[in-house]
Each structure stands twice: as structure tokens, then as C-alpha cells.
Amino acid sequence: MCDPSPWTDEAMSRRVQRHLPHLGLVWVASLEDLILAKLVWSEGTSELQLRDCIQLIRLNAVRLDVTYLDQWAQSLGVTSLLERVRHAT
């Protein structure tokens, strides 16, 4: 999420601060933005990133903002990858 774009701007606005022992306050990306970033990074070829997405969706299905995921997946060109990991869960 380094290159400025409408999605990175949105992702930055959705991040939250968490207090972690021994680290203090840290910024954490939203679950949806983490999934989207992993799909973009994977370029469809990194099985590690895709497995991570499968697990994130599987473990957090009830709290995912599906509308947000679908909207940005389309904008980022990773809709087919999102569908692929959804069907694998």
C-alpha cells in the first residue's frame, strides 16, 4: 500500500490503532484491506498469499465487509482472485 491511489487513501483512512505489549500503539490495516493487498501482491501466483487470504476469510467470514471487498477487488483488478479464494474456503 505504498503507491498513492484512491484505494490506498481509503485503506489508510480505515486503519486502526492497537496497543501491543512491548510495542505500544501501532497502526493496523483493516482485515479487508489486508486481504486486498495480499491478492494484489500475489499476482495470482503466490500460493502463500492466496492461502493467507483463504484463512483470513475462513476465520473472519461473519465480520467481513463483503461490499467493500467486492468494490475494491473490481477496482484493483483482482475480482477473479477474490472469487477463487472465496470458493476455496
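In this report, we go over the structure that sits alongside the text. (Residues numbered from 1 in each chain as written. Predicted model: local features only at pLDDT ≥ 70, side-chain atom pairs only at ≥ 80, totals over all residues. Heavy atoms only, no water.)

### As for the overall build of the protein
Turning to step 1, where the next piece is worked out: Helix and strand counts for the protein stand at 5 helices and 2 strands.
Turning to step 2, where the next piece is worked out: Starting at the N terminus, the α and β elements of the protein follow one another as α-β-β-α-α-α-α.
Turning to step 3, where the next piece is worked out: Scaling as 2.2 N^0.38, a compact globule of 89 residues should have a C-alpha radius of gyration of about 12 Å, and the protein matches this with 13 Å.
Turning to step 4, where the next piece is worked out: In terms of overall dimensions, the protein has C-alpha extents of about 35 × 30 × 25 Å along its principal axes.
Turning to step 5, where the next piece is worked out: For the protein, buried positions account for 34% of its 89 residues.
Turning to step 6, where the next piece is worked out: Residue pairs at least 24 apart in sequence account for 56% of intrachain contacts in the protein once pairs closer than 6 positions are excluded.
Turning to step 7, where the next piece is worked out: Here the protein displays about 5,800 Å² of accessible surface, and carbon together with sulfur accounts for 56% of that area.
Turning to step 8, where the next piece is worked out: For the protein, the distance from the average position of its 9 positive side-chain charges to the average position of its 11 negative side-chain charges is 8 Å. (Helix = DSSP H or I, 4+ residues; strand = E, 2+ residues; numbered from the N terminus. Rg over C-alpha atoms; globule rule 2.2 N^0.38 Å. Buried < 20%, exposed > 50% of the residue type's maximum accessible area, 1.4 Å probe, protein only. Contact = heavy atoms within 4.5 Å. Areas by Shrake-Rupley, 256 points an atom, 1.4 Å probe, with all protein chains shown as cover. Lys, Arg positive; Asp, Glu negative; His and termini not counted. Charge placed at Lys NZ, Arg CZ, Asp CG, Glu CD.)

### Section: the packing of aromatic side chains
Turning to step 1, where the next piece is worked out: Overall, the coordinates contain 1 aromatic pair when judged by the stated rule.
Turning to step 2, where the next piece is worked out: Arranged with centres 6.4 Å apart and planes meeting at 55°, the rings of Tyr68 and Trp72 form a pair that is tilted. In this pair, Tyr68 and Trp72 both sit in helix α4 (residues 66-76), 4 residues apart, roughly one turn of the helix. The residues Tyr68 and Trp72 share a single accessibility class, namely buried.
Turning to step 3, where the next piece is worked out: Seen from the ring of Tyr68, Arg14 lies directly overhead, with NZ or CZ sitting 3.6 Å from the centre.
Turning to step 4, where the next piece is worked out: Over the ring of Trp27 we find Arg15; its NZ or CZ atom is 4.0 Å from the centre of that ring. (Phe/Tyr/Trp six-rings, centres within 6.5 Å; stacked < 30°, edge-to-face > 60°. Lys NZ or Arg CZ within 6 Å of the ring centre and 35° of its normal.)

### Considering the pairing of strand β1 (residues 16-20)
In the case of a regular strand, side chains alternate between the two sheet surfaces.
Turning to step 1, where the next piece is worked out: Note that β1 and strand β2 (residues 24-28) share 5 bridges and pair antiparallel. The residue bridging Val16 from the neighbouring strand is Val28, located in β2.
Turning to step 2, where the next piece is worked out: Counting the residues between successive antiparallel strands, the hairpin from β1 to β2 contains 3 residues, one of them, His22, with a positive phi of roughly 70°. (Pairing = 2+ DSSP bridges.)

### Overview of the packing of α4 against helix α5 (residues 79-88)
Turning to step 1, where the next piece is worked out: Their axes nearest at 8 Å, the elements α4 and α5 cross at an angle of 140°. Between α4 and α5, the interaxial angle falls into the category oblique. On the side of α4, the interface is formed by Val66, Leu69, Asp70, Ala73 and Gln74, while α5 contributes Thr79, Leu82 and Arg86.
Turning to step 2, where the next piece is worked out: Across the contact of α4 with α5, the residue classes break down as 4 nonpolar, 2 polar and 2 charged. (Axes fitted to C-alpha atoms, helices over the stretch in contact; angles between N-to-C directions. Parallel < 35°, antiparallel > 145°, perpendicular 65-115°, else oblique. Nonpolar A, V, L, I, M, F, W, Y, C, P; charged D, E, K, R; others polar.)

As far as function goes, none of this settles anything; it's purely spatial.
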